[in-house]
Structure formats: C-alpha cells, structure tokens
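# Chain and residue survey
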Amino acid sequence: MDTVYLGMWSYHFVDDNDEYQTTHHLVGLTYKGIYAGTFENSRDERTWSVGVQRDFYRTRFGSFNTEIGYRLGMMHGYDKMQLGDTGLFPLFQMYTDVRYKNIGMQFSWGGSALTAGFLIRF
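Let me begin by describing the structure that accompanies this report. Residue positions are counted from 1 within each chain, in the order its sequence is given. Reporting in this predicted model follows two pLDDT cut-offs: at least 70 for local features of residues, and 80 or more for side-chain atom pairs to be given and counted; totals over whole chains, interfaces and linings ignore these cut-offs and use all residues. Side-chain numbers come from the whole structure's heavy atoms, not from hydrogens or water.

Turning our eyes to something else, we now look at the environment of V27. Runs of H or I in DSSP of at least four residues are treated as helices and runs of E of at least two as strands, each being numbered from the N terminus. Along the chain, the position of V27 falls in strand β2 (residues 27-31). Each C-alpha atom of the pair V27 and G117 lies 9.9 Å from the other, and the pair is 90 residues apart in sequence. Whether two residues are in contact is decided by their heavy atoms: any pair within 4.5 Å suffices. Excluding anything up to four places from it in sequence, V27 contacts Y5, G37 and T38.

Okay, here's the thing in structure tokens:
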C-alpha cells in the first residue's frame, strides 16, 4: 500500500546514546514499493534516502492491521559512515506497521537504532 510517513523518534544501542538527537522530523512516502524520505539524523544532519520497501507478512484483526517488512536502499547525509567520498551509506531496515484503518505507527530497526513514527495509508 502507498503510505505517507510523518515524524520519527529513535533510541540507539550504543554507549554514547545521550549524545544523539532522538527527534528526527521525518517526511517520507512509499509509492508502489519505492520509498523516499528525508529526516534530520542523530547527528543533526539532513539525510535523504531512497530504495525499495516490501511487506513479507500481513495480518488483520477487525479494523486493525499489521505488516512486517524491510527496506533496502541508500542514504545520503551520514558523513562519518559514507562509502569512500560518495556521501552514500547503504540502508537495510526491518519494520512493523500497526494501523487502525489507515492511520498508525511504524516501528523499525536498522543497525544500532530503533525508531518509531506515524503513518497514513492511502
């Protein structure tokens, strides 16, 4: 399904977690399995990402829906983790969407961080 993502908060599993920003001002979109978005990363740098997104499990409980899936793509905006001098960083992220009708939350894991944010399906 096509989705708009708004807002993102994170928790990092690293020793210096207190130094990381935890509110990220995400705005993103998934359309026909392609995602794109921008957010302020944990080091307060503007980051852009694009790639593919796929659900591999779906279930429904009345008006509640849950999807589990992954994203695979590239990000730009992590200067300390870039590949060479490209400015690019690979992304692999697992997610779980929990929705009531078309409004819900997405919880995700990628590397050393857990994230949560709002979503609207259309």
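So that's the structure; there's more coming.
This part is about unusual backbone geometry. With a phi close to 50°, H25 is a non-glycine residue in the positive phi region. Considering the arrangement of structural elements, one finds H25 in the loop between β1 (3-12) and β2. In this scheme, a residue with accessible area under 20% of its type's maximum is buried, one over 50% is exposed, and one in between is partly exposed, where area comes from a 1.4 Å probe on protein chains only. Exposure remark for H25: the relative accessible area of 47% places this residue in the partly exposed category. The phi dihedral of D44 is positive, around 65°, even though this residue is not glycine. Positionally, D44 belongs in the loop between β3 (34-40) and β4 (46-61).

Below, the discussion takes up the pairing of β2. The alternating pattern of β2 places G28 and T30 on a buried face and V27, L29 and Y31 on a face that is not buried. Of the pairings in the sheet, the one linking β2 to β3 comprises five bridges and is antiparallel in character. If you follow Y31 over to β3, its bridge partner there is I34. Strands are labelled as partners when DSSP assigns at least two bridges between them. Linking two consecutive strands that pair antiparallel, namely β2 and β3, is a turn of two residues; a positive phi of about 50° is found at K32 within it.

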